[in-house]
Each structure stands twice: as C-alpha cells, then as structure tokens.
Amino acid sequence: QVQLVESGGGLVQAGDSLRLSCTASGGVGSGYAMGWFRQAPGKEREFVASASLQSLYIYYADSVKGRFTISRDGRNVVYLQMTNLNSGDAGVYYCAADISAAGMRVGGASYWGQGTQVTISS
C-alpha cells in the first residue's frame, strides 16, 4: 500500500520561506511523478507543482511560478521550497503521486498524503 507522508508545514509570516518534504513508501513504482496540491478553507484543492522522475519534466501553477521550487531526491522523496509567502499561499498542502507529471496539472493524482498545514500571518 502506497503511503505519502508530508512534513514541514507551520506558521510563518508573510514574506518568509518554508520547505515541505514528502516521503513515499509502499511501492510507488519506478517512473512515478510526484507533486504538491493545496487547499485553502472554502476552496477546492488546486495543483501547485509536479515533477517527473529525475525531474525531467517540471510544472508549476501560475500563481507560484518564480516563488516555489519543486525538487526530488531519488525516487521516493519530493520537496517544495516556498519563498516570499503571502496570504494566498495558506492552506493544507498535500503530497501526491501519479504516473504523469503533466497529467497531475489537470487530472489530480492516484495517491495522496494526509496533508500538512501552512499558515501565513501578516
């Protein structure tokens, strides 16, 4: 059974940086893309970023381009470095895995973590 476990969320001030981590276990197959989604209160879950295996293909939501960086460490670990955070970045961040990094932009993912809370204070 695939498990994705996030860490690194917390309370930060606007303009601060934060790094999220996610480790996959239980059989995320070779070639799987990993990525991040987020959900703010009262809003639908939205795509943030995704990376194919070896980060050959990387995608970002327009709202985070230039501020967030996704990276992978081997097959099972993915990071999300977030800088210049603002109130619009607050929410629960979910790690995800799927066969296609491009597909995650529009179609969600096959596997999900439990989420980690990111809170931004002004």
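Our subject is the structure that appears above.
Scope of this entry: the structure provided in the associated data block. None of these values were measured; they are calculated from a predicted model.

Some points on the packing of aromatic side chains
(1) Moving on: Under the counting rule described, the total for this entry stands at three aromatic pairs.
(2) Moving on: Note on Tyr32 and Tyr111: the rings are 5.9 Å apart at their centroids and 40° apart in plane angle, and the pair reads as tilted. Separated by 79 residues along the polypeptide, Tyr32 in the loop between β3 (18-25) and β4 (33-39) and Tyr111 in strand β10 (residues 111-112) bring together distant segments of the chain.
(3) Moving on: Plain terms: the ring middles of Phe37 and Phe47 are 5.6 Å apart, the flat faces sit at 80° to each other, and that makes the pair edge-to-face. Of this pair, Phe37 sits in strand β4 while Phe47 sits in strand β5 (residues 46-51), placing them 10 residues apart in sequence. Each member of the pair, Phe37 as well as Phe47, is classed as buried.
(4) Moving on: Aromatic ring contacts, followed pair by pair, group Phe37, Phe47 and Trp112 into a single cluster.

Considering the pairing of strand β9 (residues 91-98)
(1) Moving on: Along β9, seven of the eight residues are buried, which leaves the element largely enclosed by surrounding structure.
(2) Moving on: Bridge analysis of β4 against β9 gives seven bridges, and the strand direction is antiparallel. Directly across from Gln39, in β9, lies its bridge partner Val92.
(3) Moving on: Across three bridges, the pairing between β9 and strand β11 (residues 116-121) is antiparallel. Bridging across to β11, Tyr93 finds its partner in Thr116.
(4) Moving on: Across two bridges, the pairing between β9 and β10 is antiparallel. By the bridge assignment for β10, Ala96 is matched with Trp112.

Overview of the state of the cysteines
(1) Moving on: If you walk through the whole model with that rule in mind, you get one disulfide.
(2) Moving on: At a sulfur-sulfur separation of 2.0 Å, the disulfide partner of Cys22 is Cys95. Here the S-S torsion is close to -80°, and the disulfide linking Cys22 with Cys95 is therefore left-handed. Taken as a pair, Cys22 in strand β3 and Cys95 in strand β9 lie far apart in primary sequence, 73 residues in all. Of the two residues, Cys22 and Cys95, both sit in the buried class.

Considerations on the pairing of β4
(1) Moving on: In terms of burial, β4 is a largely internal element, six of the seven residues being buried.
(2) Moving on: Pairing between β4 and β5: five bridges, direction antiparallel. Its bridge partner lying in β5, Trp36 is registered against Ala49.
(3) Moving on: Between β4 and β5, which pair antiparallel one after the other, the connecting turn spans six residues, and Gly42 there sits at a positive phi close to 80°.

Focus: unusual backbone geometry
(1) Moving on: Backbone geometry places Ser55, a non-glycine residue, at a positive phi of 55°.
(2) Moving on: Here Ser55 lies in the loop between β5 and β6 (58-60).
(3) Moving on: Here Asn84, not a glycine, exhibits a phi torsion of approximately 50°, which is positive.
(4) Moving on: For Asn84, the position within the fold is in the loop between β8 (77-82) and β9.

About the criteria used
Residues numbered from 1 in each chain as written. Predicted model: local features only at pLDDT ≥ 70, side-chain atom pairs only at ≥ 80, totals over all residues. Heavy atoms only, no water. Phe/Tyr/Trp six-rings, centres within 6.5 Å; stacked < 30°, edge-to-face > 60°. Helix = DSSP H or I, 4+ residues; strand = E, 2+ residues; numbered from the N terminus. Buried < 20%, exposed > 50% of the residue type's maximum accessible area, 1.4 Å probe, protein only. Pairing = 2+ DSSP bridges. Disulfide = S-S within 2.5 Å.

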